[in-house]
Amino acid sequence: MQYDTIIWDLDGTLMDTLKDLWLSTNHALCTFGMPERSYDEVRQFVGNGVRKLIERAVPDGENNPQFEAVFAEFKRYYMLHCKDNTGLYPGIADTLRKLKARGKRMAIVSNKLQAGVTELHREWFADTIEVAIGEREGMKRKPAPDMVEQALRELGTDKDGAVYIGDSDVDLMTARNSGLPCISVLWGFRDRDFLTEHGATCFAETPDEILTNV
């Protein structure tokens, strides 16, 4: 099927952001004398927003009396360092240019804080993706459909002819809750077996395969 509108996840789909999230998480933990988390642990913790990431990383989560201070330090540090080791996955820039040339309307929806999404969009996607929605007050995070619905409103389109592209179980649930088909990418933070267990049926192994699927 040919789609007119593409809703993209950000982390693990368009951009490899994991190293900066991992370093920022461990900076915040170490600041308060807490044990560091491994790269693979942080890989498993991401997907539900940065508050959930820190909740999973901090011993006893939100029940820890220092949780809010750790979370605040993470946000402060990450905003300063969110681009240190972050970049597009190979082939993404070319794929986005080709999709735009075909007239596709595109948006990003991410559980990353809006300020971070805005900054990354400005630097990497301003010429190809029109709308970038991040975590903000008054809007439910993915997998609720609210961010997708807001993106469609800002694009001036609806879900007919739209497809969601992501790399995680959260993305699969978001697409399902939004009434959209989902393409699961295999270069991100989750592997094929994990995604299949969570209901994925359509996959892209490389960004080039997106061009044949949309």
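K.L.:
Is there a simple way to explain the packing of helix α1 (residues 18-31) against helix α4 (residues 67-81) in this structure?
P.N.:
Geometrically, a packed helix pair is captured by the angle between its two axes and the distance between the axes. α4 packs onto α1 with a crossing angle of 140 degrees between their chain directions and a minimal axis gap of 8 Å. In terms of orientation, α1 and α4 fall into the oblique class. Crossing hand, α1 versus α4: right-handed. Taking contact as the criterion, the partners of Asp20, Leu21, Leu23, Ser24, Thr25, His27, Ala28, Leu29 and Thr31 in α1 are, on α4, Val70, Glu73, Phe74, Arg76, Tyr77, Tyr78 and His81. Classifying every residue of the contact of α1 with α4 by side-chain character gives 8 nonpolar, 5 polar and 3 charged.

K.L.:
Even after reading the chapter, I still don't get the nonpolar core, so can you show me in this structure?
P.N.:
Taken as a class, soluble globular proteins show a tendency for nonpolar side chains to be buried jointly. Membership of the largest hydrophobic core comes to 46 residues, with the highest contact counts inside it found for Trp8, Leu14 and Ile210. Top element by residues in this core is α4. It accounts for 5 residues. The residues touching Ile210, leaving out its near neighbours within four places in the chain, are Trp8, Thr95, Leu99, Ile165, Ile183, Val185, Trp187 and Ala204.

K.L.:
When you look at the pairing of strand β1 (residues 5-8) in this model, what are you seeing that I'm missing?
P.N.:
Each regular strand carries side chains that alternate between the two faces of the sheet. Here β1 shows no split at all, with Thr5 and Ile7 on one side and Ile6 and Trp8 on the other all buried. As paired strands, β1 and strand β4 (residues 105-113) are joined by 4 bridges and run parallel to one another. Across the sheet, residue Trp8 finds its bridge partner in β4, namely Ile108. Here β1 pairs with strand β6 (residues 162-166) via 4 bridges, running parallel. Bridging across to β6, Ile7 finds its partner in Tyr164.

Cut-offs used in this document
- Residues numbered from 1 in each chain as written.
- Predicted model: local features only at pLDDT ≥ 70, side-chain atom pairs only at ≥ 80, totals over all residues.
- Heavy atoms only, no water.
- Axes fitted to C-alpha atoms, helices over the stretch in contact; angles between N-to-C directions.
- Helix = DSSP H or I, 4+ residues; strand = E, 2+ residues; numbered from the N terminus.
- Parallel < 35°, antiparallel > 145°, perpendicular 65-115°, else oblique.
- Left-handed = near helix turned anticlockwise from the far one by under 90°.
- Contact = heavy atoms within 4.5 Å.
- Nonpolar A, V, L, I, M, F, W, Y, C, P; charged D, E, K, R; others polar.
- Core = buried A, V, L, I, M, F, W, Y, C linked by side-chain atoms within 4.5 Å.
- Buried < 20%, exposed > 50% of the residue type's maximum accessible area, 1.4 Å probe, protein only.
- Pairing = 2+ DSSP bridges.

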